[in-house]
Amino acid sequence: MIPSLGNFTLWLSLFFAVFQFFSSRKNKNIKYISLAVIFLFFSSLISFFLLIYSHVISDFSVINVVQNSHTTKPLLYKIAGVWGNHEGSMLLWMLVLTLVNYFIFKLLNKKNSSFILKTLEIQAFIIIGFLLFTIFTSNPFLRVFPAQLEGLGFNPILQDPALAIHPPLLYIGYVGFSAAFSMSVATLILNNKKNIFWYNYMKPFVIGAWTFLTIGIALGSVWAYYELGWGGWWFWDPVENASFMPWLIGTALLHSLIIVEKRKSLQAWVLLLAILAFLLSVIGTFLVRSGILTSVHTFALDPSRGIYILIFTALLGGYSLILFGVKSRKFFDNNYFSSFSKEGSILINNIFMTVVCATVFLGTIYPLLVEAFTNNKISVGEPYYNSTVIPIMIPAIIVMGIGPILSWGKEDKLKILKKIIPSVLITLIMTIAIFLFYKSYSILGFAGIILSFWIISNNVLNIIRKNKAYSMSMFIAHLGVGLLILGITGSSVWQDEKIVKMKVKNEIKIKNYNIIFDQIVEIKGINYIAVRGNFLVRDDEKKIITKLKPENRFYPITNIFTSEASIHSNLFRDLYIVLGEGNMANGWVVRIYYNPLVIWIWIGSLLIFLGGIVSLNTNLKKLLKW
Amino acid sequence: MVKQILIIPSIFFLIIVSIFFYLLIIDRNPSEIPSNLINKTIPFFETESLFKNKKFISSEEFGNEIVLVNFFATWCKPCRDEHGYIKKFQSKEKLRIIGINYKDDPEKANAWLKDLGNPYSDVPLDKNGRIAIDWGVYGIPETFVISSDGIIKYRHVGPITKKIYKKINLLIATLKLKK
C-alpha cells in the first residue's frame, strides 16, 4: 500500500512538473503556476516521507529497504539509510530541487515576471529530467515478492552521525546551483531586454549553494578522518573531486557576482560560471553513479543509468553552452578596470580558481581519456594533485590577502604598500615563531604558514581599522580560509606516524608523548561486537593527559570489520590511534599518528560556513527589500 | 574573433561528453583493475586451512603448476553467482584452485561448500583480511591466475562471467604453450 502510494506520488510530481513547464512557458495565469509549484513540492515531500516510513517500519517488501536496511539498525541510521543509497538519495535530490523551485517562484512579481517565468520553465525541465531518471532507472519503491523476512544489512562504515547529514548538505549545494543555471539560461534566452537585475536574484542562491557545499564537503572530510582510520582527511578520490569542482567554480562565481552587482562588469563571464557550476554538479553525479570510474564511494553500478544521466547532461550542457556561445556577446561591456583594483584581484582569483578546477577535472577524467585512446589503464593520485594544485593556489591566496583592501576601479600602489607593512611584519613574526616551535623546516611548510598568517593578519587588521568595505561575512569566511590553510599545512608537513606491534603493558614514544597499552577488553555494541584497546597517554612530566580507546568492530550481519580510531585533539595537535589485528600472545598492530593543527581545518571550514550564512542573510534581506 | 572564442566551451563540452558515451558503449570492464602484483611472485602468507589440520604455507603450495586463487566468502552474494564457473575450472579445465576464505566463519564456509559443491583443493582462512590486503584485493570475489613458477599473471575483480571464464582459459592455454 505505502510503496504503491510512493510510486504514485512520483508520477504525480512528474505531472506537476510537466504542468509547470508548459504553464510557465505560455505565461499562463499565475494561479496555475503557483498550484503546480506548490503541489510539486508537496508531492516530492510526501514521496520522500513515504520512503522514510518504509525504512523505519522495515517494510521488507520494498527492494530498496531489503537491500539497505536491517531490523537491528538504530532508528537514526534507518532514516539516514534512506539517502545512503542511490535510489533513496534521488528522492532527497528531488525534494531539494522542488524546494529551490519554490523559492524561485516566491521571487515572482510584476516587474520580473518574464524572467522568473523563464527560469521556472528551465527549472521544470531539470526536474522532469531527474524525475524520469528516478522513475525509470532508480525507482526506490519497487517491490519484491514474496516479501523478505530480514534486510541484507547496511554498510557499517556509513553508520555515523557526520555521514547522516553530509549528503543532504551536499545536495543543497549541488541543487542550489540549478537555480543559478536556470537564471543564467533565462537571461541569455531573453537577452535581458527588460533590464532585469538577474545577478541580484542569482546571488542568494549561489551563496546558499556554496555555503552548504562547503560544510557538506567539510563533514565528509571529518568522517573520512576519524572513520576510515588512515590518519588523513582528503584523498583526491573521484567523488571528493566531484564535489570540489563545483565548489571551486562556485567560489569564482560568488566573487565575480559582486563585481557584476557593483560595477556591471563581467556579465558574460558570470553567466558562463553559473552554467558551469551546475553542469559540473551533474557531471559529478554521472561520474560517481554510472560506474565509469571506480572509487571508494559505494553506489550500485548500472550502465543504463549512466547512459540516461549522460544524455540528460548532454542536453542541458549542449543547449546552455551553445546558447552562451551565440548570445553572450550582448553581455559584453566596456567598463574597464585596472588589474590593481578590487575587480582586478577578484578576476585574477577567478582565473586561478577556474584553472585549479580544470586541473582537477583533467586529473579525474585523465584515466578515462587514456583508456579511451590507448586502451591502457592508469590511475592519477595525490602526487599529481599536490604538484599541480598547490602552485596555482599559492598566488591565488597571496592575491586574496590583498584584494579586500583595494578599492574599486583603480588603486594607488604606494598607499597599499604602506597599508600592508603591518601585516607583512606580523606574518614574518608568526612564521618564525611557529618554526621555532616545531623545529622542522620545509619549503611547503614555510609557504603554507606564511600564506596562512598573511590572510589572518590582513583580516584582523582590517577589522581593527574598521574598513567600511569590509563586511562581517567576508571577515569571517576569509579568516576561516586562513585558519584552514594553517591546518592543512600543519597536518601535512609535520605529521608523524608510527606503526608498531604492541603487547599489553608495552610503551611507545611519539614526539614528546609516551603511549602505554594498558589493557584490551571486549565490548558489545547495539549491532556489533568489538575489541577495545585502552591506551594511556603520558606527557613529558609523566602526567596522564588522556586515555584513548580505539576499537576494532565486527558487524555480524554483514560480516564487516571496521576500525574506530580514537582521537585526542587540542589546538596544537591530534593524537590518533587505530587498533589493528592481533591477539594476546603476539600483540596487536597499532597505528599511532601525531597530526599537528588538524583542528584548525575544521574550525576554518566552520568559519567559512558561518561567513556564508551571514552573507546569505544580508543578501536575502536586500532582495526582500525591493 | 570574439564569437569563435565564445563557442569554445560548448565544443570542449561536447568532446568530453562524446568520450564518456564512447566509454559507456564500448565493451569495457571497469573492474579490470591493474595490479602492481602482475608479473611478480605471490605475496607470502601462512594461515590455517579449512579442511586440513596443518598450516597452509604459501611457499609450499605454489610453483609447480598453474593455480587459480579465488577470494570468496559465504556472505558475499556475487561469490555464489560465480561459483558455477569456479567449479567448471576444476571439473572441465582440471585446474588446481585455492579458495581463500575472506573474513568468514569456518563453519558457515564448510556448510556453504557442502551445499554448493567444493572445487577447491585447499581453503586457507583469511579471518581478519590480512592476506587480502597483501594481495591488494579491492572487494571480493577476486580471482588471480598464478603461473607454474609462482608468478601472478592475471587479476580479475568481481564475479567470473562467461566472458571472463573464456578469457582466463585462453590465458592459461597461452601460459601452457610458453612453457
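Residues numbered from 1 in each chain as written. Chains lettered and ligands numbered in written order. Predicted model: local features only at pLDDT ≥ 70, side-chain atom pairs only at ≥ 80, totals over all residues. Heavy atoms only, no water.

(A) A look at the overall build of chain B. When its secondary structure is counted, chain B shows six helices and seven strands. Going from the N terminus to the C terminus, chain B shows its helices and strands as α-β-β-α-β-α-β-α-β-α-β-β-α. For a compact globule of 179 residues, the expected C-alpha radius of gyration is about 16 Å, and chain B comes in at 21 Å, more than 25% above that figure. Projecting the C-alpha coordinates of chain B onto the three principal axes gives extents of approximately 80 × 40 × 30 Å. Residue pairs at least 24 apart in sequence account for 71% of intrachain contacts in chain B once pairs closer than 6 positions are excluded. (Helix = DSSP H or I, 4+ residues; strand = E, 2+ residues; numbered from the N terminus. Rg over C-alpha atoms; globule rule 2.2 N^0.38 Å. Contact = heavy atoms within 4.5 Å.)

(B) How the structure looks around the interface of chain B and chain A. Contacts between chain B and chain A engage 28 residues on the former and 35 residues on the latter. Between chain B and chain A, a total of about 3,000 Å² is buried, with carbon and sulfur atoms accounting for 75% of that surface. Run the count over chain B and chain A and you get zero salt bridges. The element best represented in the side of chain B that touches chain A is helix α1 (residues 2-25) of chain B, accounting for 16 residues. (Buried area = accessible area lost by both parts, 1.4 Å probe. Salt bridge = Lys/Arg side-chain N within 4 Å of Asp/Glu carboxyl O.)

(C) Structural context of the pattern of salt bridges. Within the structure shown, the criterion is met by 15 salt bridges over all chains. A salt bridge links A:Lys203 to A:Glu261; its shortest N-O distance comes to 3.0 Å. Of this pair, A:Lys203 sits in helix α8 (residues 198-227) while A:Glu261 sits in helix α9 (residues 238-263), and the two are 58 residues apart along the sequence. Overall, the relative accessible area of 17% leaves A:Glu261 in the buried class. Across the salt bridge formed by B:Glu142 and B:Arg155, the nearest N and O atoms sit 3.0 Å from each other. With B:Glu142 in strand β6 (residues 142-146) and B:Arg155 in strand β7 (residues 152-157), the pair connects residues that are 13 residues apart, well separated along the chain. (Buried < 20%, exposed > 50% of the residue type's maximum accessible area, 1.4 Å probe, protein only.)

(D) Region of the structure containing a positive patch on the surface. Judged by side-chain charge, A:Lys193, A:Arg329, A:Lys330 and B:Lys3 come together as a positively charged surface patch. For B:Lys3, the position within the fold is in helix α1. (Patch = residues over 30% accessible without salt bridge, like charges linked within 9 Å, V, L, I, M, F, W, Y side chains within 5 Å. Areas by Shrake-Rupley, 256 points an atom, 1.4 Å probe, with all protein chains shown as cover. Lys, Arg positive; Asp, Glu negative; His and termini not counted. Charge placed at Lys NZ, Arg CZ, Asp CG, Glu CD.)

(E) Broad picture of the confidence of the model for chain B. All names here are of chain B. Model confidence for chain B is summarised by a mean pLDDT of 83, while 93% of its residues fall at 70 or above. The lowest-confidence element of chain B is helix α2 (residues 58-61), averaging 82 in pLDDT; the highest-confidence one is strand β3 (residues 67-72), averaging 92. Here the prediction assigns the complex a pTM of 0.83, and the interface score ipTM is 0.84. (pLDDT = per-residue confidence, 0-100.)

(F) Quick look at the nonpolar core. Of all hydrophobic cores here, the largest spans 153 residues; its most connected members are A:Phe130, A:Leu287, A:Ile292 and B:Phe20. In this structure A:Phe130 touches A:Met90, A:Trp93, A:Met94, A:Leu97, A:Phe278, A:Val282 and A:Phe312, once residues within four positions along its chain are discounted. (Core = buried A, V, L, I, M, F, W, Y, C linked by side-chain atoms within 4.5 Å.)

(G) Focus on the sheet that holds β6(B). Ordered by their spatial adjacency, five strands build an open sheet running β5-β4-β3-β6-β7 (chain B), and the pairing between neighbours is mixed. The outermost strands of the open sheet, each flanked by one partner alone, are β5 (125-126) and β7 of chain B. (Pairing = 2+ DSSP bridges.)

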